[in-house]
Amino acid sequence: MASVQHVGILRGMSSKPGARPARRSAAEPASTGLRERILSATRELLRERRFDTLSVADILTAAEVSRASFYFYFPSKQAVLGELVRDAVAQGQQAADPWIGGSQDPVAALRAGVRDGARLWRDNAGILMAIVESQGSDEGLRALWLEQMDLFTDAAAARIESDPQVRGRLGDMDVRAVAASLTWMGERLYYLAAAGVPPFDDERVLVDVLTNAWASILYGRPVAPPNPTPRAEQV
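Reading guide: rules and limits
Residues numbered from 1 in each chain as written. Predicted model: local features only at pLDDT ≥ 70, side-chain atom pairs only at ≥ 80, totals over all residues. Heavy atoms only, no water. Helix = DSSP H or I, 4+ residues; strand = E, 2+ residues; numbered from the N terminus. Buried < 20%, exposed > 50% of the residue type's maximum accessible area, 1.4 Å probe, protein only. Salt bridge = Lys/Arg side-chain N within 4 Å of Asp/Glu carboxyl O.

1. Quick look at unusual backbone geometry
Between P198 and P199 the backbone carries a cis peptide bond, its omega angle lying at 0 degrees. Inspection of the secondary structure assignment puts P199 in the loop between α10 (175-194) and α11 (203-219). Even without being glycine, E64 reaches a positive phi, approximately 55 degrees. Judged by relative accessible area, E64 falls into the exposed class, the value being 64%.

If you want it as structure tokens, here you go:
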């Protein structure tokens, strides 16, 4: 059951009730800022380096903390990444709130949410690219990422179910499957944009494509981008 234990480690918990986390010191370090320094240092390192090239020693040096302090707060570098990912996902949920809440024009709210999501990925590119690239070879990180993506899928499915017109348009289609498809399409395009892959490295293109995909499937109409740039006159 190694994979179950690994997921438990990522959540900062042992898989056995009452068990003490591995290699943690008996007494809490005096500085309550150490944990934040570890997170901040890892965040900065990921701006320049891939997660698979980072060691705990690299994080210790950048954060200027002792090994004992690191292991007091985190059982592994994967647990540090997990904390950073949860924070980024929480910000992503806030970006989706206008559409999820249903209090605004749905297409305008979709566009605003997609735009904010694109900027969130840009600002947290190192962290979010790290989880996407690492989850295929690490069962614990894979479970974490699926769990986080399910938060978006569940919220989108609930929003679709709450709209009688959208629900009627989809007919007998599995609503959660539709929501998951749209959510994972966004994940893939955001990743490509963060990696600088054309044409999705252009924020306007990314926002237009994703907004149109969601709006066409859910509301049955393509959406023209606001204030489109006029084409140059042909000679």
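There's plenty left to go through after this.
2. Looking at the pattern of salt bridges
Pairing is possible between side chains that carry opposite charge, provided their charged atoms lie close to one another. Enumeration over the complete set of coordinates arrives at 16 salt bridges. Its salt-bridge partner being R111, residue D208 comes within 2.9 Å of it at the nearest N-O pair. Taken as a pair, D208 in helix α11 and R111 in helix α6 (residues 106-123) lie far apart in primary sequence, 97 residues in all. Assessed through its relative accessible area of 15%, D208 is described here as buried. In this structure R111 comes out as buried when scored by relative accessible area, which is 14%. We note a salt bridge from D163 to R159, for which the minimum N-O separation is 3.8 Å. For D163, a relative accessible area of 14% gives the class buried. Several salt bridges share partner residues, and in doing so they unite R119, R122, D123 and E203 into one network.

3. So, the environment of S216
The residue S216 is located in helix α11 in this model. Residue S216 is classed as partly exposed on the basis of its relative accessible area of 26%. Put simply, S216 and V107 are 109 residues apart on the chain and 9.9 Å apart in space, counted from C-alpha to C-alpha.

Bear in mind that shape data such as this cannot, by itself, settle questions of function.
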